[in-house]
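Next come the chains, spelled out residue by residue.
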Amino acid sequence: MTFITANGVALRKFIGMSASIKNDRVEWLQGPAGNSPAKCLAVPEERKNPWRVVLLGAPGVGKGTQAELLIQRLNACHLSTGDVFRSASKRLACEQSPAMKAALEYMRRGELVPDSTVWEMVRERRHCLLNCGGFILDGFPRTLGQAESLRELMENEKLALSAVINYELPIDEIVQRLSGRRTCEKCKSVFNVKDRPPKVEAVCDHCGGHLFQREDDRPAAITVRLEAYERSTAPLIEFYKNLGVLLTVVAKGSPEEVFAQTMAKLDRLDKLDKLDQVDKLDQVASHT
Ligand code: AP5
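Bear in mind that the values here come from a model prediction, so they are computed numbers and not experimental data. (Residues numbered from 1 in each chain as written. Predicted model: local features only at pLDDT ≥ 70, side-chain atom pairs only at ≥ 80, totals over all residues. Heavy atoms only, no water.)

(A) Local environment of the pattern of salt bridges. Applying the stated rule across the entire model yields 13 salt bridges. The closest approach of N and O atoms between E124 and R125, which form a salt bridge, is 3.3 Å. For R125, a relative accessible area of 2% translates into the label buried. Residue D217 pairs with R225 through a salt bridge whose shortest N-O separation is 2.9 Å. Classification of D217 by relative accessible area gives buried; the value is 1%. Among the ionic contacts, a cluster of salt bridges with common partners joins R181, R214, D216, D217 and R225. (Salt bridge = Lys/Arg side-chain N within 4 Å of Asp/Glu carboxyl O. Buried < 20%, exposed > 50% of the residue type's maximum accessible area, 1.4 Å probe, protein only.)

Structure representation (C-alpha cells):
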C-alpha cells in the first residue's frame, strides 16, 4: 500500500515508516495557520469500501495505541481531538484563540472541552472525515451532542459509520496505564514506563524526541477525567448500540493482542457486509 503526501509523493507504507507519517501529522495537528485550512499531509489513498471507525472507551483504555495500529492496517486518516488540543497548547499564547485558551484550561483540569469548541475544531478538519480512504476517530465524539453533530454531518454527506469499537477495561488497570504513560513531544508516540518502556529512559524509540508525562495524567486530573467519562461519554455506548454499529473489545492483554481482537471483529463485520451485498445482488437479480 502507498500513502500520497500533499506534495503528490507516493510513499510505500510499512510499519517502520510510522514515525515519518506522524511527523507529517505533527504539522497537520497545528491546524489552520492564517486563512489556510488544516491539511492532512499524509492523505490515505482512495478505497472502494473505506473504514469509518470511532474508538470509544474510558481515558487510558488504549484508544490512541490501537489507533496507531489500525491506521497502519486500514490505511485510514487518524483524527484524535486530544492530540489536536495538545498540539495547540505548544503554540505561542498570542497565536491561540480565546476559545482555544479556554479549551486548554478545561483539558488541564481533566474536564471535557465545550462541544462548540470541539465541533469547530473538527469541522476545520472535516476533509479528514470526508476523504475516500476512511478515518479512525479517537476521542471524538465524547458527548451525545457531539455524536449528533457527527451523525448530521455524515447523513448530509451520505456517508455511514462502519463501526464504533468500545474498549473495556477494569478501572484499576486504567489508572495504572494512565499514570505510567509517557508521550513523545515530537512524534506523539506513546510508551508506558511499566509495560512498554522506551529502550532509553525518557527518549523516543522512533524519533529520539523527549518523552514527557501529560499534565492530565496526574492523579487529581485522572479522577476528574474518569468522572467526566462516566457522566458524558458512557451514554454513547447505548447510543451506538441502538444504531447497530457497536462492537465491544475487552482491552486486556498486550496492545498486539487487543489489536488482533479488534481486527477479528472488523474482519467478521466486513465478511457479513459482503454477504449482505451478495444477498442484495441476489434479490436484485431475481426481480429482473
Ligand atoms: P484524549 O487525548 O482523547 O485523552 P483520553 O480519551 O482521556 O484518552 P487517553 O489519550 O488518555 O488514553 P487512550 O485511551 O488513548 O490510551 P493510550 O493508548 O494513550 O483527551 C484529552 C483531553 O482533551 C480530555 O480530557 C478533554 O479535556 C479534551 N478532549 C479531547 N477530545 C474531546 C472531545 N471530543 N470533547 C471534549 N473534550 C475533549 O494508552 C494509555 C497508556 O496505556 C499508555 O501508556 C500505553 O502505552 C498503555 N497501553 C495501551 N494499551 C496497552 C495494553 N494493551 N497493555 C498495556 N499497556 C497499554
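(B) View of the site of the ligand. Neighbouring the ligand are 36 residues, the closest being T65, T81, E111, R181 and R225. R142 has a polar side-chain atom sitting 2.7 Å from an oxygen atom of the ligand. Side-chain polar atom of R225 to an oxygen atom of the ligand: 2.5 Å apart, as the coordinates give it. Within the complex, the protein chains bury 97% of what would otherwise be the 1000 Å² of accessible surface of the ligand. Broken down by secondary-structure element, the contributors of at least two residues to the shell around the ligand are α2 (63-74), α3 (81-89), α8 (171-180), β9 (190-192) and α11 (255-286). Counted by class, the shell around the ligand contains 14 nonpolar, 11 polar and 11 charged residues. (Near = heavy atom within 4 Å. Polar contact = N/O pair within 3.5 Å; in protein donor to acceptor, adjacent residues only side chain to side chain. Areas by Shrake-Rupley, 256 points an atom, 1.4 Å probe, with all protein chains shown as cover. Helix = DSSP H or I, 4+ residues; strand = E, 2+ residues; numbered from the N terminus. Nonpolar A, V, L, I, M, F, W, Y, C, P; charged D, E, K, R; others polar.)

(C) Geometry of the environment of P219. Mapped onto the elements, P219 comes out in helix α9 (residues 219-233). Taking relative accessible area as the criterion, P219 reaches 66% and is therefore assigned exposed. Linking P219 and S179, residues 40 residues apart in sequence, is a C-alpha distance of 7.5 Å.

(D) Representation of the packing of helix α7 (residues 144-156) against helix α10 (residues 235-242) within the structure. The N-to-C vectors of α7 and α10 enclose an angle of 30°; their axes lie 10 Å apart at closest approach. Here α7 lies roughly parallel to α10, going by the angle between them. Every residue of α10 that contacts α7 at L144, A147, E148, L150 and R151 is listed here: P235, L236, F239 and Y240. Its residues assigned to classes, the contact of α7 with α10 shows seven nonpolar, no polar and two charged. (Axes fitted to C-alpha atoms, helices over the stretch in contact; angles between N-to-C directions. Parallel < 35°, antiparallel > 145°, perpendicular 65-115°, else oblique. Contact = heavy atoms within 4.5 Å.)

(E) Main features of the confidence of the model for the protein chain. On average, residues of the protein chain carry a pLDDT of 83, and 81% of them reach 70 or more. Confidence drops under a pLDDT of 50 for residues 1-28, and excluding neighbours within four residues, the segment shows 65 contacts in the predicted structure. Here residues 32-37 is modelled with pLDDT under 50, and outside its nearest four sequence neighbours on either side it reaches five contacts, counting other chains as well. (pLDDT = per-residue confidence, 0-100.)

(F) Spatial organisation of the sheet that holds strand β10 (residues 211-212). On the basis of which strands lie adjacent, the open sheet formed by three strands has the order β9-β8-β10 and antiparallel pairing. The open sheet has two edge strands with one neighbour each: β9 and β10. Where strand β8 (residues 181-184) lies against β10, two bridges are found, and the strand directions are antiparallel. Pairing of T183 across the sheet is with F212, part of β10. (Pairing = 2+ DSSP bridges.)

(G) α9, seen in detail. Across its 15 residues, α9 extends 20 Å between first and last C-alpha, which sits within 8% of the 21 Å expected from 1.5 Å per residue. What α9 keeps buried is the set A221, I222, R225, L226, A228, Y229 and T233. An end-on view of α9 places all buried positions within 160° of arc, on one side of the element. Exposed residues on α9 whose side chains face more than 90 degrees from its buried face are P219, A220, E230 and R231. Contact partners of the buried residues in α9: β4 (51-57), α4 (98-109), β7 (163-168), α8, β8 and α10. (Expected span 1.5 Å × (residues − 1). Arc of directions from axis to C-beta.)

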